[in-house]
Structure formats: C-alpha cells, structure tokens
Amino acid sequence: MKILGIETSCDETAISILEYDAKKRRSRLLANFVYSQIAVHQPFGGVVPNLAKREHQKNLVPILEMVFKKAGLLRKQAKNTRSEAQLEKIKDILIKEEDLAQNLINFLKKYQKPKIDLIAITKGPGLAPALWPGVNSARALSYFWNIPLIGINHLEGHILANWLPQKEKEWTKIKISNNIFPAIALVISGGHTQLVLMKKIGQYRVIGETRDDAAGECFDKTARLLELGYPGGPAIAAEAAKFKILNLKSQIALPRPMLHSNNYDFSFAGLKTAVLYLIEKLKKEKINWKNLRPAIAYEIQNSINEVLIFKTLKAAKNFRAKSIILGGGVSANQSLKDLLTSEVKIKLPNIKLIIPKTEYTGDNSAMIAFTALFKKERDNWQTLEADPNLRLEK
Ligand code: KG4
Ligand code: ZN
C-alpha cells in the first residue's frame, strides 16, 4: 500500500510517499521532501500566517510533481479524458486558493492517476491559513483521483515520528512493542508543549500543557530579544554552546517557571519577560549586554530544559510509565537530550527513552503518512475540514 502524506500546518510545505508492506510489517519512504519557509519568515522574526499560506499555495503543486516523479509514480496523460465539470469542481474545492487551483488543474490534466492507495493530510492543530491550502489540495486530489482520504493530528505525527523508516528508499521494520506502554510523551514544538499519557497508539490523555507560550515559542521569542534571529531554538543552542565551552560560572539567574507547581502544566511567558527585564537592566547599568549573550542563552536553555525534564520525569514516575517518548522541533536540542538521558539513567533506570532522529524532529510529511498506517477510519473529501485547535484526545 502506498500513502501520500501532506503537511502544511506551519511554515514547512512537506510531501512524502510512504510504502507499507503489511505482510512483513515494514515501511519505506519512496520520496520525502520538506521545503522550509524559514528564509521567508526570518525578516519578521517569526512565522507570518498569511505569508505561510502564500508560500504553501505557490509550492504545493511543484513539490507534489517532484515527489511523485522521485517515487516513479507519474505517467503522462495521453489525452485529456477529464470533463470540464470535474475540473470546475477542483476550482470549487479550492475556491479560496485560486492560484493553487489552477496549478493543480494543470497538474491533473498532465498526468494519469498515480498508484496511491490513501491520502493523509495534517488536519490540525496549526495555523488556520497554513492548514487550509494543504487540506483543500488533499480534498481535491481525493475527489479527482477517487482515492480515500484521512485527516491526521500533527502532534500524533510528532510522537510516531520515532518509528519512521531510517533511510530513504530502504525498508524498516515497524517495531513498536506493547512493553513501552503506558508511555509519557513530551511533545515540544513551536506551537505546543504537552505531556501526554499514552495507553497505546491512538489512545492519548493530555495530562499537562503550557498555559501560555510553547517551549519552542519561548526559544524563538527570547532569541529575538537577544537579536539572534529566527528560528530561535538552534540559535540559542549555538550561543549557549559558546558559553559552555568556556566553562565559566554564570552570573545570570533566570526563573524556572512552574517547576514545583502541583500539576504537569507549563508556563514560559514569564521566562521571556524575565529576559526582557534582564536586558533592560543591563542596558541601564551601561553593561554591554551583547557580551553576556552566551551566558544568557545558556541560562534560557537550562531553564526551559530543566522544567521540561523535571515534569516529564515526575509524570513518568507517577503514572508508572514504561517509556518516555520525545517529539517535536525542540527535541532536536542536544542539551535537552543529554540531560534527559542522564536524568532517566539515574532516576528512572527501568524506563526506556525514545528520542526521534534529528531530521524527523521538525515538521515533516513522512510522519503524517506514517501515522495514517495506524488509522482504520477514513474522512470524506466533501466534509473534511482543517481544525487549528485539534486535540489529541478523541
Ligand atoms: O515541530 P516544529 O518544527 O514546528 C511546530 O510544529 O511548531 O517546531 C519548531 C520549533 C521552533 O520553535 C524552533 O525554535 C524549535 O522547534 N527548535 C529548537 C531546536 N530546533 C528547532 N528548539 C531548541 N533547540 C533546537 N535545537
Ligand atoms: Zn510540529
């Protein structure tokens, strides 16, 4: 079975084709492409939703064509066998994405129906203007090719990204043992920070989440205050590494928000404010704050990581979890991974720690196609909608 996966929930336009071999329970990626819009959003210091929409509209069809070609699934159409009414319907489905509709019509006229068995699309959560071009393209393809469709939760994708095939084109056995459940999943991205109790695949309970900014958002916003650019996570990590190398003792102290609160929730907005006040104070005292940038970045990273790890371990202990699963863009952070690994080894040595490959921590469509493997239900192209606030719980 072959699955087309499409992801447009934020600032990545990503399309993949995943093949699944049910008999041998293995999967492989026939093609996998992620186009990052970072350069487009960089001047604004963060993702601009309408720019993301424009970029998705512009790039979805060229990427679709490239990915299908790479997978060897495109055959030119001998003659136009489609009725005008069918093509008109595409315009209807993509009524709010006019340019995209025309690109898609040209593509559909040019090629025969490819041998795909399912279309998997990120339904949410995410930015509404970014989600819709993806959802409507998937609906149009499902209608036109008469291929089943399924809307996927982006956060579930981040969790299951841990089991994606390791190398493009190569088969990887899907080994998800029941011995890892119950699991505590820590999903940390630019838009979300959640602790999820997972009884099995598809059964989730959000036991804690951020009350304001997400962990990634905090990295991004504090990086902006430090004039380090976007995205903030890698920038703060790089700056913090400079401080670590010097092996100095930091004079900078920032809060650990909600570290000892009696729940599994997070709050990172206060940390950002503390950084803002710190920079203002240093400026007032005529201290060259830019010289202290590595120390501040180091402290920001420690603060975020310590809170994330403390609460994750607390949840894993209290819910008697057999594993801790990481997912989302922030799980690319090496300090976080190192600290979590050593803390688990010392405090919860019987717990298995599952960390995604770095290339699958950020947004991608392989995880969306892969998650579809675990879903029996299907959506209707006529009624499927993007849901910017989609929850993991049913
Ligand atoms: O999962 P993701 O690609 O997109 C969303 O669904 O939001 O996560 C993006 C977030 C950004 O906030 C980015 O700064 C953060 O992940 N990030 C990192 C690192 N790499 C990306 N945060 C900390 N350390 C990193 N190395
Ligand atoms: Zn994400």
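Observations concerning the coordination of the zinc ion (ligand 2)
Piece 1. Donor atoms from the polypeptide that coordinate the zinc ion (ligand 2) comprise H154 (NE2), H158 (NE2) and D363 (OD), at 2.0 to 2.1 Å from the metal.
Piece 2. Donor residues for the zinc ion (ligand 2), ordered by position in the chain, follow H-x3-H-x204-D. With H158 in helix 6 (residues 154-160) and D363 in the loop between strand 11 (352-354) and helix 12 (366-372), this residue pair connects regions lying 205 residues apart in the sequence. Each member of the pair, H158 together with D363, is buried.

Structural notes on the pairing of strand 8 (residues 193-200)
Piece 1. With respect to burial, strand 8 is a largely interior element, 6 of its 8 residues being buried.
Piece 2. For strand 7 (residues 183-188) and strand 8, the ladder comprises 6 bridges, and the chain directions are antiparallel. Residue pairing in the sheet places I184 in a bridge with L197 of strand 8.
Piece 3. Linkage of strand 7 to strand 8, two consecutive antiparallel strands, is achieved through a turn of 4 residues.

Describing the packing of helix 2 (residues 49-70) against helix 4 (residues 98-110)
Piece 1. The geometry of helix 2 relative to helix 4 is characterised by a closest axis approach of 7 Å and an angle of 20 degrees between their N-to-C directions. Taken together, the axes of helix 2 and helix 4 lie roughly parallel to each other. Like other packed secondary-structure pairs, helix 2 and helix 4 cross with a definite hand, here right-handed. Between helix 2, through Q57, K58, L60, V61, L64, E65 and F68, and helix 4, the contact on the second element is made entirely by E98, D99, L100, N103, L104, F107 and K110.
Piece 2. Here the contact of helix 2 with helix 4 is built from residues that sort into 7 nonpolar, 2 polar and 5 charged.

What about the domain arrangement of the chain?
Interfaces are often sized by the amount of accessible area the parts lose when they come together.
Piece 1. Each domain of the chain was delimited in the assignment, giving domain 1 (2-166 + 362-374) and domain 2 (178-356).
Piece 2. A separation of 31 Å is found between the C-alpha centroids of domain 1 and domain 2.
Piece 3. It is L155, I159 and N162 that lose the most area in domain 1 upon contact with domain 2, and together they represent 34% of the buried surface on that side.
Piece 4. Between the two partners, domain 1 and domain 2, sit 0 salt bridges.
Piece 5. Linking domain 1 with domain 2 are 4 residue pairs in polar contact (both at pLDDT 80 or more).

Focus: the nonpolar core
Piece 1. Core analysis: the largest hydrophobic core is formed by 49 residues, its most contacted members being L226, I304 and L308.
Piece 2. Elements that contribute at least two residues to this core include exactly strand 7, strand 8, helix 7 (215-225), helix 8 (232-246), helix 9 (269-284), helix 10 (293-318), strand 10 (323-327) and helix 11 (334-347).
Piece 3. When near neighbours in sequence (up to four residues on either side) are disregarded, L226 contacts I236, I279, W289, R293, I296, A297 and I300.
Piece 4. Counting 42 residues, the second largest nonpolar core, distinct from the first, contains V67, I116, L131 and W381.

Brief notes about the site of ligand 1
Piece 1. Residues in contact with ligand 1 amount to 19 residues; listed here are only the nearest, G190, D220, G233, G329 and N333.
Piece 2. Side-chain polar atom of D220 to an oxygen atom of ligand 1: 2.7 Å apart, as the coordinates give it.
Piece 3. Between an oxygen atom of ligand 1 and a main-chain N or O atom of G233, the distance comes to 2.9 Å.
Piece 4. Counting residues per element, the ones that place at least two in the shell around ligand 1 are helix 6, helix 7 and helix 8.
Piece 5. When grouped by side-chain class, the residues that make up the shell around ligand 1 number 5 nonpolar, 12 polar and 2 charged.
Piece 6. Domain assignment of the residues forming the shell around ligand 1 places at least three in each of domain 1 (2-166 + 362-374) and domain 2 (178-356).

A look at unusual backbone geometry
Piece 1. In this structure, the amide linkage connecting G124 to the following residue, P125, adopts the cis form with an omega of -10 degrees.
Piece 2. Assignment of secondary structure puts P125 in the loop between strand 4 (118-124) and helix 5 (128-145).
Piece 3. Residue P182 is reached from F181 by a cis peptide bond, and omega for that bond is 0 degrees.
Piece 4. Mapping P182 onto the fold places it in the loop between strand 6 (172-173) and strand 7.
Piece 5. Look at E227: it is not a glycine, yet its phi comes out positive at around 55 degrees.
Piece 6. With respect to the secondary-structure elements, E227 resides in the loop between helix 7 and helix 8.
Piece 7. By relative accessible area, E227 is classed as partly exposed at 48%.

Let's talk about the packing of aromatic side chains
Piece 1. Tallied over the full model, the rule gives 9 aromatic pairs.
Piece 2. For the pair F68 and F107, a centre-to-centre distance of 6.4 Å together with 25 degrees between the ring planes defines the contact as stacked. Placement of F68 in helix 2 and of F107 in helix 4 is noted, with a sequence separation of 39 residues between them. Take F68 and F107: they sit in the same class, and that class is buried.
Piece 3. Each ring, one from Y264 and one from F319, has its centre 5.7 Å from the other, and the planes form 50 degrees; the classification is tilted. Highlighted residues: Y264 in the loop between helix 8 and helix 9 and F319 in the loop between helix 10 and strand 10, separated in sequence by 55 residues.

Cut-off values and rules
Residues numbered from 1 in each chain as written. Chains lettered and ligands numbered in written order. Predicted model: local features only at pLDDT ≥ 70, side-chain atom pairs only at ≥ 80, totals over all residues. Heavy atoms only, no water. Donors = N, O, S within 2.8 Å, 3.2 Å for Na, K, Ca; no water. Helix = DSSP H or I, 4+ residues; strand = E, 2+ residues; numbered from the N terminus. Buried < 20%, exposed > 50% of the residue type's maximum accessible area, 1.4 Å probe, protein only. Pairing = 2+ DSSP bridges. Axes fitted to C-alpha atoms, helices over the stretch in contact; angles between N-to-C directions. Parallel < 35°, antiparallel > 145°, perpendicular 65-115°, else oblique. Left-handed = near helix turned anticlockwise from the far one by under 90°. Contact = heavy atoms within 4.5 Å. Nonpolar A, V, L, I, M, F, W, Y, C, P; charged D, E, K, R; others polar. Domains from an automatic or database assignment. Buried area = accessible area lost by both parts, 1.4 Å probe. Salt bridge = Lys/Arg side-chain N within 4 Å of Asp/Glu carboxyl O. Polar contact = N/O pair within 3.5 Å; in protein donor to acceptor, adjacent residues only side chain to side chain. Core = buried A, V, L, I, M, F, W, Y, C linked by side-chain atoms within 4.5 Å. Near = heavy atom within 4 Å. Phe/Tyr/Trp six-rings, centres within 6.5 Å; stacked < 30°, edge-to-face > 60°.

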